[in-house]
Amino acid sequence: MEAIMVVDINAFLDSTLGENAWVPGALLLATWETIYMVLISTAVSYIVGLPLAVILVTTEKGHILENQRLNETLGTIVNAFRSIPFIILLILVIPLTRIIVGTSIGTVASIVPLSIAAIPFVARLVETSLKEIDWGLIEAALSMGANTWQIIRKVLIPEAIPSVVLGVAITAINLVGYSAMAGVLGGGGLGTLAYYHGFMRYKTGVMWITVIVLIILVQLIQMLGTRLSNRVVAKRR
């Protein structure tokens, strides 16, 4: 009976990569941290941003919940947050981050500024999708006696879904870039790996590897978003 050879991964990496044997493990962990941050912050941003977008659209002049004062107030707040560069926002929300998660450093802590940065972006993105809906559909629903909630649930949101799905991909891609910036301030993920272990230690190879992984992540997110959007459109035909 032949003996089964057991491969020691650490020994293999040490023999092939030498002093860089730590890179594959660190890269795998950093990639997972980035994916984790992006997934959670994207979900949070849509939980808050989607209803905000609906309010921004429906409270416009001539729409089903016209309220110009509320619309202008929310619009100003959204624009104010969108105008803050992310690197500055990271610093501004440190006290809030400490209150919510107990620390301002690490992967979980980075989710707070990432979500706050993405919420106004999502609100405007979804608002654009909702505004593209033909007003005739809303008028038809009104003529059949639909109330405000029914119009939102059965007309606005369903009609905007294909565009919203693509918007999710765009948001996630932006958050991949934001997460890399957060990594510079100890936020974890590929940004931390590239900056602290690549740039600060003069390991150019590590920096290039993280860039390649980031490009692959962005490509995969865009492909997935496009495929899901096409499926939604195909089902509605």
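Residues numbered from 1 in each chain as written. Predicted model: local features only at pLDDT ≥ 70, side-chain atom pairs only at ≥ 80, totals over all residues. Heavy atoms only, no water.

A. The overall build of the chain, seen in detail. Of regular secondary structure, the chain possesses ten helices and zero strands. Walking the chain from its N terminus toward its C terminus, one meets helices and strands in the order α-α-α-α-α-α-α-α-α-α. Contacts in the chain between residues far apart in sequence, at least 24 positions, make up 70% of those at least 6 positions apart. Summed over its atoms, the accessible surface of the chain is roughly 13,900 Å², and 67% of this surface lies on carbon and sulfur atoms. (Helix = DSSP H or I, 4+ residues; strand = E, 2+ residues; numbered from the N terminus. Contact = heavy atoms within 4.5 Å. Areas by Shrake-Rupley, 256 points an atom, 1.4 Å probe, with all protein chains shown as cover.)

B. Just the pattern of salt bridges, in detail. Using the criterion set out here, one finds three salt bridges in the structure. In this structure, lysine 131 engages glutamate 60 in a salt bridge whose closest nitrogen and oxygen atoms are separated by 2.7 Å. On the criterion of sequence distance, the pair formed by lysine 131 in helix 6 (residues 107-131) and glutamate 60 in the loop between helix 2 (23-58) and helix 3 (68-82) is long-range, its members being 71 residues apart. The class of lysine 131 is partly exposed, set by a relative accessible area of 45%. On the accessibility criterion, glutamate 60 (23% relative accessible area) is partly exposed. Linking lysine 131 and glutamate 127 is a salt bridge whose minimum nitrogen-to-oxygen distance equals 3.2 Å. Here lysine 131 pairs with glutamate 127, and both are found in helix 6, just four residues apart, close to one helical turn. What makes glutamate 127 buried here is its relative accessible area of 7%. Salt bridges sharing common partners tie together Glu60, Arg124, Glu127 and Lys131. (Salt bridge = Lys/Arg side-chain N within 4 Å of Asp/Glu carboxyl O. Buried < 20%, exposed > 50% of the residue type's maximum accessible area, 1.4 Å probe, protein only.)

C. Examining the nonpolar core more closely. Formed by 25 residues in total, the largest nonpolar core has its most connected members in Phe86, Leu89 and Leu190. Sorting the residues of this core by element identifies helix 2, helix 4 (86-92), helix 6, helix 8 (148-184), helix 9 (189-199) and helix 10 (204-236) as the ones contributing at least two each. Broken down by element, the residue count for this core peaks at six residues, all from helix 6. Residues Ile64, Ile152, Leu156 and Ala160 belong to the second largest nonpolar core, which totals 17 residues. (Core = buried A, V, L, I, M, F, W, Y, C linked by side-chain atoms within 4.5 Å.)

D. Region of the structure containing the side chain of threonine 58. Mapped onto the fold, threonine 58 is located in helix 2. For threonine 58, a relative accessible area of 1% gives the class buried. A distance of 2.7 Å separates a polar side-chain atom of threonine 58 from the backbone oxygen of valine 54. Each residue touching threonine 58, except ones within four places of it in the same chain, is listed here: His63, Ile64, Leu65, Glu66, Ile152 and Leu156. (Polar contact = N/O pair within 3.5 Å; in protein donor to acceptor, adjacent residues only side chain to side chain.)

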